[in-house]
Every structure is written in structure tokens, then in C-alpha cells.
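Residues per chain, in single letters:
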Amino acid sequence: MLTRRSLLLAGLGALAARVAAAREAAPALMLAEVYRPGMPLADYWVSEKYDGVRGYWDGQQLWTRGGEPVVAPAWFTAKLPKQPLDGELWAGRGQFALAVSTVRSQTPNETAWHSMRFMVFDMPSHGGDFTSRLAALRKLLPITDAPWIVPVPQERATTHVELHALLDKTVKMGGEGLMLHRGASLYRPERNSDLLKVKLHDDAEARVVGHVPGKGRHGGRLGALLVETPDGKRFKLGSGLTDAERETPPAIGSWVTYRFNGTNPGGLPRFARFVRVRLDLPS
């Protein structure tokens with residue numbers, strides 16, 4: 001007879017296997033660090049940060065950041081070039097949920113896909129620095145008869161004051177934030193400071209590894225999520241959860257986004273609060 005411990009170990013083993021498989025399938029993408037006031041802006045390009053699903057075109061197939069194939073209508077990808085492109089599958093400002101549901105559906109919803117855009121911001125296999133890649137991208141896109149494939153507008157970053165003025169303007173219009181690409185940087189498929197995200201608040205992703213029972217008002221349902229960051233730090237995430245999310249909490253193994261206000265000396269986030277489940281990342 002299987003004991004509770006053996007069942008738990010078996011479950012953890014299956015989760016580890018799924019995580020390893022997802023990492024193996026995931027495309028090698030350049031990931032952003034967080035911009036901090038005072039960082040040098042020389043040689044950076046600035047663009048809007050689109051709140052959608054990271055999309056990687058390998059020349060034949062669209063993939064999510066987590067390594068899942070995107071089942072898009074044939075017309076959506078027919079005009080894409082043969083070289084790899086990195087971008088965001090975006091449904092418009094404030095339409096993150098629509099973008100996720102559209103991209104994750106295994107049966108393409110034609111109506112939904114007609115509202116999608118592939119916002120292309122890089123050419124991973126080009127080999128040149130970002131300024132050179134941007135010049136090549138501007139020659140490649142846009143495509144006249146495929147207006148849903150959009151080269152992301154880029155302009156030179158100037159001063160910190162102007163950067164924050166642009167950030168405020170973008171957020172007031174419903175945007176999520178800004179991105180900074182260093183012009184002299186090569187495409188390195190790792191998290192690095194050649195790519196920076198600029199937002200009004202800190203946010204990050206973590207994997208759910210446990211459910212902490214609630215007490216008092218939350219007795220009988222979820223009190224907090226036990227989450228683990230990509231670098232192995234664990235903490236409880238209780239603030240920001242709705243009553244419905246406490247009744248039916250995010251599954252163990254799923255990824256969630258949380259906001260926070262800096263970190264403590266041990267590197268854990270301060271005042272962390274739950275934002276949403278990241279359905280675009282593999283469980």
C-alpha cells in the first residue's frame with residue numbers, strides 16, 4: 001500500500017520531471033533585468049513594454065517562452081520570414097487575459113486572432129549588436145499584406161527625467177511600462193542588464209510549491225501560497241488573493257506574478273502581493 005509520504009514523493013518527482021521537460025523545450029531567450037534609477041542610459045533604445053505573451057518564431061513555428069507551440073491560424077504566420085524573430089503576442093492595452101486565452105487555445109479562434117498582433121522587437125540569429133539588428137528588422141518589417149506583424153517602435157533613450165515622463169505617459173494610456181535595449185549588446189539568451197524593464201512597481205514570477213491553510217477569516221481555505229523564485233528562494237504569498245482564488249487556489253506547479261517593494265537583506269521581496277496566474281508559462 002502506498003503511504004502518504006510515498007504519494008507525496010511521487011507527486012514531487014512527477015512535478016520535477018514536468019519542469020525539466022518544459023525547460024528542455026523552452027526557447028533560449030534574452031530576459032530582462034529591472035531598471036533602477038541612476039543606471040546609465042547611454043546607448044539604450046527605449047520602447048513600450050507590451051502586456052501579452054512572449055512569442056518566439058523559429059522560422060517555421062511560433063512558440064511561447066515556456067516552450068509550448070502556438071496553434072495560430074495559417075494566415076497569421078504565412079508571411080513571417082524564415083529567420084527567427086523575438087516578440088510579444090499582444091491583443092492591445094489591458095487585454096492580457098484575451099492574449100493568453102487566444103494563444104493557449106489548441107483550436108484557433110479566428111475572431112480572437114484577428115485582434116492579435118505579433119510585436120517584434122529582436123532578431124536572435126542576426127549576429128550583430130542590437131542597433132544593427134534593429135536596422136535589419138526595420139528593413140524586414142512591416143509586411144504590407146500582413147499588418148498584424150509589427151516592428152516595435154524604438155527611439156533613443158535620453159535622460160532619466162524624460163524616461164520617467166515617457167513611463168508616466170505610457171501608463172496613463174493603459175500601457176504596462178517601458179523596455180530598454182542596449183545598442184551595443186549582442187543577443188545573449190539569458191537574463192542580463194543589456195535588456196531592462198522600466199515599471200512603476202517591481203514585479204517578478206515564482207512557482208507555486210505549496211498551499212498554506214488559512215486561519216481565522218480564511219479558515220477552511222487558502223491562507224497563502226508557498227512560492228519559489230527561479231533562484232530557489234521561498235516565501236509565503238498571501239496578500240492580493242481574492243476570496244475566489246482562496247477557494248480555488250492556483251495549482252501547485254503553476255507560475256504566478258507578484259508585485260513587491262524592493263528586497264530585504266536576505267534577498268526576499270518586501271510587501272509581496274499576488275497579481276495573477278501566469279497561464280503562458282508551463283506548469
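Quick caveat, the model's predicted, so the values are computed rather than measured. (Residues numbered from 1 in each chain as written. Predicted model: local features only at pLDDT ≥ 70, side-chain atom pairs only at ≥ 80, totals over all residues. Heavy atoms only, no water.)

Caption draft 1: Spotlight on the pattern of salt bridges. Tallied over the full model, the rule gives 21 salt bridges. Linking Asp 203 and Lys 197 is a salt bridge whose minimum nitrogen-to-oxygen distance equals 3.4 Å. You can call Asp 203 buried: its relative accessible area is 10%. Owing to a relative accessible area of 13%, Lys 197 belongs among the buried residues under this scheme. Of the charged contacts, one joins Arg 221 and Glu 247 as a salt bridge, the two residues approaching to 3.5 Å between their closest N and O atoms. Taken as a pair, Arg 221 in the loop between β11 (202-213) and β12 (222-228) and Glu 247 in helix α7 (residues 243-247) lie far apart in primary sequence, 26 residues in all. Its relative accessible area of 16% is what places Arg 221 among the buried residues. (Salt bridge = Lys/Arg side-chain N within 4 Å of Asp/Glu carboxyl O. Buried < 20%, exposed > 50% of the residue type's maximum accessible area, 1.4 Å probe, protein only. Helix = DSSP H or I, 4+ residues; strand = E, 2+ residues; numbered from the N terminus.)

Caption draft 2: Spatial organisation of helix α5 (residues 130-140). Three or more residues of α5 are buried, namely Phe 130, Arg 133, Leu 134 and Leu 137. Each buried residue of α5 lies within a common arc of 100° when the element is viewed along its axis, so the set occupies one face. (Arc of directions from axis to C-beta.)

Caption draft 3: Highlighting the sheet that holds strand β9 (residues 177-182). Taking strand neighbours across the sheet as the criterion, the five strands line up as β1-β10-β9-β2-β8 in an open arrangement whose pairing is mixed. The sheet is open, and its two borders are formed by β1 (31-34) and β8 (155-156), each paired with just one other strand. Direction of pairing for β9 relative to strand β10 (residues 191-198): antiparallel, over a ladder of four bridges. Along β10, the bridge assignment pairs Leu 178 with Val 198. Lying over the sheet, α5 contacts β2 (44-49), β8 and β9, oriented at roughly 55° with respect to β2. Lying over the sheet, helix α6 (residues 160-172) contacts β2, β9 and β10, oriented at roughly 140° with respect to β9. (Pairing = 2+ DSSP bridges. Contact = heavy atoms within 4.5 Å. Axes fitted to C-alpha atoms, helices over the stretch in contact; angles between N-to-C directions.)

Caption draft 4: Seen up close, the pairing of strand β5 (residues 85-90). Of all six residues making up β5, six are buried, and the element is well covered by its neighbours. Bridge analysis of strand β3 (residues 53-57) against β5 gives five bridges, and the strand direction is antiparallel. Looking across to β5, one finds that Val 53 is bridged to Leu 89. Here β5 runs beside strand β6 (residues 117-122); their pairing, made up of five bridges, is antiparallel. Residue pairing across strands places Leu 89 opposite Phe 118, the latter belonging to β6.

Caption draft 5: View of unusual backbone geometry. With omega at 5°, the peptide bond leading from Leu 141 into Pro 142 counts as cis. In this model, Asp 43 sits at a positive phi of 75°, which is unusual for a non-glycine residue. Not every positive phi belongs to a glycine, and Phe 271 is a case in point at roughly 55°. Note that Phe 271 resides in the loop between β14 (255-260) and β15 (273-277).

Caption draft 6: Fine view of the side chain of Thr 64. Relative to the elements of secondary structure, Thr 64 occurs in strand β4 (residues 62-64). Given a relative accessible area of 4%, Thr 64 falls into the buried group. Residues contacting Thr 64, with those up to four places away along its chain left out, are Pro 27, Val 53, Arg 54, Val 70, Val 103 and Asp 280.

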